[in-house]
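Here is how the chains run, residue by residue.
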Amino acid sequence: MQEINASIPVDKRLWEEDIAASRAHAAMISAAGIITADDAARIDAGLAQIAGEFAANGVPVDLALEDIHMTVESRLKEIIGEPAGRLHTARSRNDQVATDFRLWVRTACARIDAGLKAIQAALIARAEEHADSIMPGFTHLQVAQPVTLGHHLLAYVEMFGRDRGRFADAAKRLNESPLGAAALAGTSFPLDRNATAAALGFDRPMANSIDAVSDRDFALEFCASASIAAIHLSRLAEEVVIWASQPFGFVQLPDAWSTGSSIMPQKRNPDAAELVRGRAGLLLGAFQRLSVIVKGLPLTYSKDLQDDKESVFGAFDALALSLAAMTGMVETLVFRTDRMRALAASGFSTATDLADWLVREAGVPFRDAHHIVGACVKRSEELGVELSALPPAEAAAIHAAVTPAALAALTVEASVASRTSYGGTAPERVRQAIAAARAALEE
Ligand code: ARG
């Protein structure tokens, strides 16, 4: 029973929040005349001492004390004796754990935000270096159209920006205090829930005591937001893995972010990227696990809820580590721009540019232009040449509008420079986007 029932090995991570919430509660019940000022002072001093002890030596794990709440209270009893027993007046572990956990998740949101901001800064710096570097853009992992590397990297800055928005929303929505809901029904003591809410930095007390002790939306939102961020990191990690492979050769991993093989001396494996990609499984699993725990629970508290913390702590740890690892990789990847540039022209990547040219310069309807260019691609393929190298006579035989001037417009540089629409890949647009991203980061 003790082994399945105890949560202290996991919830000891809540010790700072638990002590802060207890100090706020003690001060409030003293101000409300529920306990004496003298008892409150001794409780507060005892709790401060415990905080010092735990900070210095860690939290002692004794399964007999079940959880962090009992661990703190039992130590308080050892230190101050009888008044320790008055701390739990007008409170239950149900509102206590909900309060502690909200405080913890609030801090976790801020820490993840800092990690997301750091990877954004790293991506922006690399994007600036490569605002003009040309690489193949892909759809279906087939070369589609040339793009700039800076533009590609900035796509991730957008993703991580939305992730930050999700964590900010979650932190704002969770910021209501369950404290004072007691076991589930509220209490007959004259509590000042506004006072404890304010003391702990909450915007207000939660309005319904039954909801206050039952709700775990905030933990679900954290795990959901973390899952989406992990999916983004996994896509970036997957690109690093592909780009670092020899057939691509787009990047070289620095030694610090690669590992060797025990048998093949030449190997430089992208292990960290692969682990980030795989770790997304843990994060998605955390959301899944918590959803399943909560979905069938009648109101209010059931002990199933005790397992909520493992999901959130695990998700936090995995995401914080993945962010740090990907940031380090982004900062130090060596981009093989020559290789990217060479492959950017492959696969007739400027075929769309020829179609656009025929529309713009020769008044050909786009559908016809598409057809004409298809024939040009086919003929180039047969001759084994790039589109821009199609002999003028061959081009003219397909359609009179496919002049040498048209073919000259098909360099990847011209293609990229022409994509000046808002949000497009032209270097001048990329530089504007970098400035905007920097400004947003500094806000
Ligand atoms: N350790 C418990 C948890 O994390 C604290 C709440 C216990 N409440 C109860 N009614 N047994 O959920």
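So, here is what we can say about the structure in this document. Fair warning: this is a prediction, and the values are worked out from it, not measured in the lab.

1. Details of the overall build of the protein chain
Right, on to step 1. The number of helices and strands found in the protein chain is 19 helices and six strands.
Right, on to step 2. Expected size for 443 residues packed as a compact globule is a radius of gyration near 22 Å; at 30 Å, the protein chain overshoots this value by more than 25%.
Right, on to step 3. Referenced to the eigenvectors of the C-alpha coordinate spread, the extents of the protein chain come out at roughly 100 × 55 × 40 Å.
Right, on to step 4. Within the span of the protein chain, comprising 443 residues, buried residues form 48% of the whole.
Right, on to step 5. Restricting the contact set of the protein chain to residue pairs at least 6 apart, pairs at least 24 apart contribute 75%.
Right, on to step 6. Total accessible area on the protein chain stands at roughly 20300 Å², and carbon and sulfur atoms take up 55% of it.

2. A look at the environment of tryptophan 257
Right, on to step 1. Tracing the sequence through the fold places tryptophan 257 in the loop between β5 (251-252) and α11 (271-295).
Right, on to step 2. By relative accessible area, which is 24% here, tryptophan 257 ends up partly exposed.
Right, on to step 3. Once the C-alpha coordinates of tryptophan 257 and arginine 339 are considered, the two residues, 82 residues apart in sequence, prove to be 21 Å apart.
Right, on to step 4. Apart from the residues lying within four places of it in its own chain, the contact partners of tryptophan 257 are Asn269, Ala272, Ala324, Ala325, Gly328, Met329 and Thr332.
Right, on to step 5. A distance of 3.3 Å separates a polar side-chain atom of tryptophan 257 from the backbone oxygen of glycine 328.

3. So, the packing of helix α10 (residues 217-244) against helix α12 (residues 308-332)
Right, on to step 1. Running from N to C, α10 and α12 point in directions that differ by 30°, and their axes come no closer than 10 Å. Relative to α12, α10 is oriented roughly parallel. When you trace α10 past α12, the crossing you get is left-handed. Taken together, the residues of α12 that come into contact with α10 (itself represented by Ala219, Phe222, Cys223, Ala226, Ala229, Ala230, Leu233, Leu236, Ala237 and Val240) are Ser311, Val312, Ala315, Phe316, Leu319, Ser322, Leu323, Met326, Met329 and Val330.
Right, on to step 2. Here the contact of α10 with α12 is composed, by residue class, of 18 nonpolar, two polar and no charged.

4. Topic: helix α14 (residues 351-362)
Right, on to step 1. The terminal C-alpha atoms of α14 lie 16 Å apart, and with twelve residues this matches the ideal 16 Å at 1.5 Å per residue to within 8%.
Right, on to step 2. Within α14 the residues assigned to the buried category are Ala351, Asp353, Leu354, Ala355, Trp357 and Leu358.
Right, on to step 3. Summarising the contacts, the buried residues of α14 are in contact with α15 (366-383), α17 (404-408) and α18 (412-418).
Right, on to step 4. Positive phi appears at glycine 363, one or two residues downstream of α14, with a value of about 65°.

5. Some thoughts on the site of the ligand
Right, on to step 1. The environment of the ligand is made up of Ser7, Asp11, Asp67, His69, Arg93, Asn94, Val97, Tyr301, Gln306 and Lys309.
Right, on to step 2. Between the ligand and the protein, one listed contact pairs a nitrogen atom with a side-chain N or O atom of serine 7 at 3.3 Å.
Right, on to step 3. The separation between a nitrogen atom of the ligand and a polar side-chain atom of aspartate 67 is 2.9 Å.
Right, on to step 4. Protein contacts shield 86% of the accessible area of the ligand, which totals 350 Å² for the unbound molecule.
Right, on to step 5. Per-element accounting of the shell around the ligand gives the leading share, three residues, to helix α6 (residues 93-129).
Right, on to step 6. Tallied by class, residues from the shell around the ligand come to two nonpolar, four polar and four charged.

Scoring rules and cut-offs
- Residues numbered from 1 in each chain as written.
- Predicted model: local features only at pLDDT ≥ 70, side-chain atom pairs only at ≥ 80, totals over all residues.
- Heavy atoms only, no water.
- Helix = DSSP H or I, 4+ residues; strand = E, 2+ residues; numbered from the N terminus.
- Rg over C-alpha atoms; globule rule 2.2 N^0.38 Å.
- Buried < 20%, exposed > 50% of the residue type's maximum accessible area, 1.4 Å probe, protein only.
- Contact = heavy atoms within 4.5 Å.
- Areas by Shrake-Rupley, 256 points an atom, 1.4 Å probe, with all protein chains shown as cover.
- Polar contact = N/O pair within 3.5 Å; in protein donor to acceptor, adjacent residues only side chain to side chain.
- Axes fitted to C-alpha atoms, helices over the stretch in contact; angles between N-to-C directions.
- Parallel < 35°, antiparallel > 145°, perpendicular 65-115°, else oblique.
- Left-handed = near helix turned anticlockwise from the far one by under 90°.
- Nonpolar A, V, L, I, M, F, W, Y, C, P; charged D, E, K, R; others polar.
- Expected span 1.5 Å × (residues − 1).
- Near = heavy atom within 4 Å.

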